[in-house]
Amino acid sequence: MSVLNELLEYQTVDAELRKIEQEIAASEARKKYVQAKKFMETAGEKLEAQDRRAVELRRTAQGLTARYKEINEAIKEYTAIDESTEDEGQVSFYKRSAQSLADNLRALKGEINKLVSEIEGACEEYKKMKEQTIAMQNQYKEYSEKFKETKNSRAAEVAEITKRLEKIGKNIPAETLEKYKQKRKERIFPILAPLTNDRCICGMDFAIAQQSKLSGGNVIECEHCRRFIYKQ
């Protein structure tokens, strides 16, 4: 049997293995497992980011609260001075100063109220994140086992096909087989495709000089999709 025929037979058997792999990949167990795994990979980082945000909000709240107390105390002082003096000029100055502080105080209250809303939102978000993390931890534990069971249920089939591939692979040049396996890893399939109307199945044209290399059961690589092309 020529190398081309061996490759075609190898691909036919490999298609059986690929079908099993696709069925396992499409299983609910794997989908749930992968979903939980991806979430867990970033959950720690997200929780740390929320912790940093909480510290930042806390510091801002402390600063605004301290400023609020300072302004409030200053207003009380101006009010006391206003009541103890009879100088109209000074009274007018103190009143303007007190009014300015009162305006600042109102603006500060607005900032504090806005910050309180941010803190409440951050707390709610953190709570949801914690709940989701716990749920995903449970999902990961449950479906990692189910995914193993799914793979194990097809293990005998995979082993039988793998033996057939190993047997056929012994008749294929090592370099060619290695290229095949590399393309397989890159999810190219089918890896061997017939030349049809001077074109690859991806639509790439082949010059006459290139096609001449296909005689005698040889294959060439498509520059576009990187498949092995053969002449029927």
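Keep in mind that what you see is a predicted model, and the values were worked out from it rather than measured. (Residues numbered from 1 in each chain as written. Predicted model: local features only at pLDDT ≥ 70, side-chain atom pairs only at ≥ 80, totals over all residues. Heavy atoms only, no water.)

The next thing to look at is the overall build of the chain. From N to C terminus, the chain includes 6 helices and 3 strands. Along the chain, from the amino end to the carboxyl end, the secondary structure elements read α-α-α-α-α-β-α-β-β. Expected size for 232 residues packed as a compact globule is a radius of gyration near 17 Å; at 37 Å, the chain overshoots this value by more than 25%. Across the 232 residues of the chain, 30% fall into the buried class. In the chain, the proportion of contacts linking residues at least 24 apart, taken out of those at least 6 apart, comes to 70%. For the chain, the accessible area works out to roughly 15,600 Å², and carbon and sulfur atoms hold 50% of it. Averaging the coordinates of the 43 positive side-chain charges in the chain and doing the same for the 40 negative ones gives two points 7 Å apart. (Helix = DSSP H or I, 4+ residues; strand = E, 2+ residues; numbered from the N terminus. Rg over C-alpha atoms; globule rule 2.2 N^0.38 Å. Buried < 20%, exposed > 50% of the residue type's maximum accessible area, 1.4 Å probe, protein only. Contact = heavy atoms within 4.5 Å. Areas by Shrake-Rupley, 256 points an atom, 1.4 Å probe, with all protein chains shown as cover. Lys, Arg positive; Asp, Glu negative; His and termini not counted. Charge placed at Lys NZ, Arg CZ, Asp CG, Glu CD.)

Summed over the entire model, instances satisfying the criterion amount to 3 aromatic pairs. Centroid distance Tyr10 to Tyr180: 5.1 Å. Interplanar angle 85°. Geometry classified as edge-to-face. Residue Tyr10 is located in helix H1 (residues 3–25), and its partner Tyr180 is located in helix H5 (residues 174–185); the two are separated by 170 residues in the primary sequence. Tyr180 shares its class with Tyr10; the two are buried. Following the ring pairs from residue to residue traces out a cluster consisting of Tyr33, Tyr140 and Phe147. Taking NZ or CZ as reference, Lys146 lies 4.8 Å from the ring centre of Tyr143, over its face. Of note, Lys183 hangs over the ring of Phe228, and the distance from its end group to the ring centre comes to 5.1 Å. (Phe/Tyr/Trp six-rings, centres within 6.5 Å; stacked < 30°, edge-to-face > 60°. Lys NZ or Arg CZ within 6 Å of the ring centre and 35° of its normal.)

Everything listed is a geometric property; what it means functionally is a separate question.
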